[in-house]
There are 2 protein chains.
Amino acid sequence: MSTPRQAARGRRPGTPDTREEILRAARDLFAASGFAATSMRAIAARAGVDPALVHHYFDSKADLFVSALQVRVDPRQALLPVIEAGPDGAGERLLRVLLTVWGDEESRTPLLGLVRGILEPAGATLVRDALFGLVLGPVRHGLGIDQPERRMALVASQLAGIVLLRYVVEAPPLVAMTDDELVASYAPTIQRYLTGPLPDRPLTRAAPEA
Amino acid sequence: MSTPRQAARGRRPGTPDTREEILRAARDLFAASGFAATSMRAIAARAGVDPALVHHYFDSKADLFVSALQVRVDPRQALLPVIEAGPDGAGERLLRVLLTVWGDEESRTPLLGLVRGILEPAGATLVRDALFGLVLGPVRHGLGIDQPERRMALVASQLAGIVLLRYVVEAPPLVAMTDDELVASYAPTIQRYLTGPLPDRPLTRAAPEA
DNA sequence: GTCTATAGACGGATAGAC
DNA sequence: GTCTATCCGTCTATAGAC
């Protein structure tokens with residue numbers, strides 16, 4: 001019904017692509033309900049297979065979780081253009097990468113599952129490390145900016161808010177805005193966090209009194 | 001151990017304040033692990049009472065959830081100073097209210113429970129409505145600004161990101177920053193969302209072609 | 001490779017003794 | 001008001017027939 005199958009000539013595999021069906025079902029359900037609230041039974045039912053079959057392909061629920069949520073976008077590669085062109089305009093470029101990745105249905109679903117996993121006790125640290133290590137890390141090291149940790153935290157707080165309200169909560173005004181409108185609204189903020197003035201002194205240890 | 005008891009003269013209540021103990025335990029656990037991952041048994045164990053006793057005081061788990069997460073801060077009252085002084089500087093005032101409320105241990109715990117509930121299927125709409133209705137609503141109506149829906153959504157996206165990264169994920173750079181540093185970093189953003197230029201035309205329906 | 005059956009644990013909720 | 005005992009549901013995971 002979904003994927004057009006090419007005429008298999010040699011030996012027909014016992015199962016066409018049951019494993020893939022399970023992965024698709026798992027992806028959808030994890031994205032919609034998170035890790036804990038999604039049961040293996042529900043995944044099996046959606047995929048139209050027996051619950052035991054799910055265990056046959058994947059050792060545990062956690063195993064299925066990480067398998068289903070493999071994002072096909074390599075952050076390091078996607079962020080290369082953001083970094084290479086230097087700090088000027090990096091805010092807009094970073095934002096456009098975010099909107100592109102989340103705008104693609106293919107990559108949005110697994111990402112939603114990951115985000116839903118953030119607020120669950122188990123996956124909190126895992127996802128946090130992934131976010132900072134894979135996404136913000138390259139940008140931080142690639143751009144030559146001062147106080148990179150603090151600046152990237154500011155950037156992350158705005159990007160996380162956008163993702164949360166536009167793609168998870170689906171706040172109507174944000175959903176209605178076009179990519180260009182979003183860029184016009186948010187790019188100045190991101191850019192200021194990246195290269196604008198910061199309240200604290202950069203790296204000087206002792207602050208003279210008078 | 002906790003509350004100093006005044007010498008009860010008349011009839012001693014059978015229980016000192018077991019109900020309050022249960023509420024405290026529920027608040028802590030809901031804040032730490034969310035709704036689904038917190039069991040009634042765990043709450044009873046933490047409160048040092050029998051699981052059945054929890055059901056005696058509260059009809060259901062959902063009932064206990066809403067009872068435990070009653071925030072003692074009335075948003076309408078807390079936000080009055082933000083609104084009354086008009087749009088100028090409203091960004092900083094709004095931000096300071098947020099930091100004050102979340103800075104108080106007393107109110108932070110129930111708020112954490114509410115936030116954790118956002119990403120769970122059950123409480124999503126409930127919490128979203130509460131957030132927009134109680135917090136952003138008064139500000140939107142109180143300040144005389146154009147395109148209030150869109151502006152409040154922009155504001156909400158930044159505030160939500162701050163809450164998520166500073167109080168839920170606890171990103172070190174954000175935790176380390178003082179309130180004044182946070183205000184210096186974020187107030188300009190909030191203010192621009194409230195009163196700055198917006199990409200779209202305000203309320204004009206038809207945009208002339210040429 | 002696919003399924004039936006079930007183990008083993010934990011969850012919320014209830015009835016009723018004291 | 002507090003507790004014991006228990007029902008009934010759902011879950012993950014496994015063993016084994018076909």
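All values derive from a computational prediction rather than experimental measurement.

S.K.: Can you walk me through the packing of aromatic side chains in this structure?
M.R.: How two aromatic rings sit relative to each other is given by the distance of their centres and the angle of their planes. Residue and element names in this part refer to chain A. In total, this model carries 11 aromatic pairs over all chains according to the counting rule given. Centre to centre, the rings of Phe-30 and Phe-35 are 5.9 Å apart; their planes meet at 10°, and the pair counts as stacked. On the basis of relative accessible area, Phe-35 is assigned to the partly exposed category, the value being 23%. Each ring, one from Trp-102 and one from Tyr-167, has its centre 4.8 Å from the other, and the planes form 25°; the classification is stacked. Highlighted residues: Trp-102 in helix 7 (residues 90-103) and Tyr-167 in helix 10 (residues 148-168), separated in sequence by 65 residues. Comparing Trp-102 with Tyr-167 shows no difference in burial state: the two are buried. One aromatic cluster is present, built from ring pairs that chain together Phe-30, Phe-35 and Phe-65. Above the plane of the ring of Phe-35 lies Lys-61, whose end atom (NZ or CZ) is 4.6 Å from the centre.

S.K.: Could you clarify how one ought to interpret the interface of chain B and chain A in this entry?
M.R.: Think of interface size as the accessible area that goes away when the parts come together; that is how it is often given. Across the boundary between the two partners, chain B contributes 38 residues, which contact 38 residues of chain A. Counting the contacts that link chain B with chain A gives 2 salt bridges. Of the charged contacts in the structure, one is a salt bridge between Arg150(A) and Glu181(B), with a shortest N-O distance of 3.5 Å. Sorting the residues of the side of chain B that touches chain A by element identifies helix 1 (18-33), helix 8 (105-118), helix 9 (124-142), helix 10 (148-168), helix 11 (172-176) and helix 12 (179-195) of chain B as the ones contributing at least two each. Top contributing element to the side of chain B that touches chain A by residue count: helix 10 of chain B, with 13 residues. Considered class by class, the residues forming the side of chain B that touches chain A number 24 nonpolar, 6 polar and 8 charged.

S.K.: Any chance you could explain the relation of the copies chain B and chain A here in plain terms?
M.R.: There are two copies of the chain, and a rotation about an axis plus a shift along that axis relates them. Screw-axis analysis of chain B against chain A gives a translation of 0.0 Å along the axis, an RMSD of 0.1 Å, and a rotation angle of 180°. On this basis, the relationship between the two copies can be described by a two-fold rotation axis. Considering only C-alpha atoms, the residue of chain B closest to the rotation axis is Gly161(B), which sits at 1.9 Å. A share of 97% of the interface residues of chain B reappears at the interface of chain A, consistent with the copies meeting face to face through the same patch.

S.K.: Explanation requested: the domain arrangement of chain A in the structure shown.
M.R.: Residue and element names in this part refer to chain A. By domain assignment, chain A separates into domain 1 (18-69) and domain 2 (75-195). One C-alpha centre belongs to domain 1, the other to domain 2, and the line joining them spans 27 Å. Contacts between the two partners involve 12 residues from domain 1, matched on the other side by 7 residues from domain 2. Summing the contributions of domain 1 and of domain 2, the shared interface buries around 740 Å²; its carbon and sulfur component is 67%. Its largest share of buried area at the contact with domain 2, domain 1 owes to Ala-31, Phe-65 and Leu-69, together 54% of the area lost on that side. Summed over the shared surface of domain 1 and domain 2, the number is 0 salt bridges.

S.K.: Got a minute to help me understand the environment of Thr109(A) in this structure?
M.R.: Residue and element names in this part refer to chain A. Residue position: Thr-109 is located in helix 8 (residues 105-118). Through-space distance from the C-alpha of Thr-109 to that of Arg-140 is 26 Å; in sequence the pair is 31 residues apart. Setting aside residues no more than four positions away along its own chain, Thr-109 makes contact with Arg-27, Asp-28 and Ala-31. At 3.3 Å, the side chain of Thr-109 forms a polar contact with the backbone oxygen of Glu-105.

What counts, and at which threshold
Residue positions within a chain follow its written sequence, with the count starting from 1. Think of it this way: whatever chain is written first is A, whatever ligand is written first is 1, and the rest follow in order. Two thresholds apply to this predicted model, a pLDDT of at least 70 for residue-level local features and 80 or more for giving and counting side-chain atom pairs, whereas whole-chain, interface and lining totals are computed over all residues. The side-chain figures draw on all heavy atoms in the structure; neither hydrogens nor water molecules are used. In this scheme Phe, Tyr and Trp rings, the latter by its six-membered ring, pair at centre separations within 6.5 Å, and the angle between planes marks the pair as stacked below 30 degrees, edge-to-face above 60, and tilted otherwise. For every residue, the accessible area (1.4 Å probe, protein chains only) is compared with the maximum for its type, and the residue is labelled buried under 20%, exposed over 50%, or partly exposed between those bounds. Secondary structure elements are taken from DSSP: a helix is a run of H or I of four residues or more, a strand is a run of E of two residues or more, and numbering for both begins at the N terminus. Distance and angle both matter: a charge sits over a ring if NZ of Lys or CZ of Arg is within 6 Å of the ring centre and within 35 degrees of the ring normal. We call two residues contacting when some pair of their heavy atoms lies within 4.5 Å. Just to be clear on terms, a salt bridge is a Lys or Arg side-chain nitrogen sitting within 4 Å of an Asp or Glu carboxyl oxygen. When residues are grouped by polarity, Ala, Val, Leu, Ile, Met, Phe, Trp, Tyr, Cys and Pro land in nonpolar, Asp, Glu, Lys and Arg in charged, and all others, Gly among them, in polar. Overlaid copies result from least-squares superposition on C-alpha atoms, with residues included only where pLDDT is at least 70 in both. For the purposes of this description, domain bounds are those given by an automatic or database domain assignment. Defined here as a combined quantity, buried area equals the accessible surface (1.4 Å probe) lost by two parts on assembly, summed across both. In the analysis that follows, any N or O atom pair within 3.5 Å is treated as a polar contact, provided that within protein one partner can donate a hydrogen and the other can accept it, and provided that, for residues neighboring in sequence, both atoms belong to side chains.

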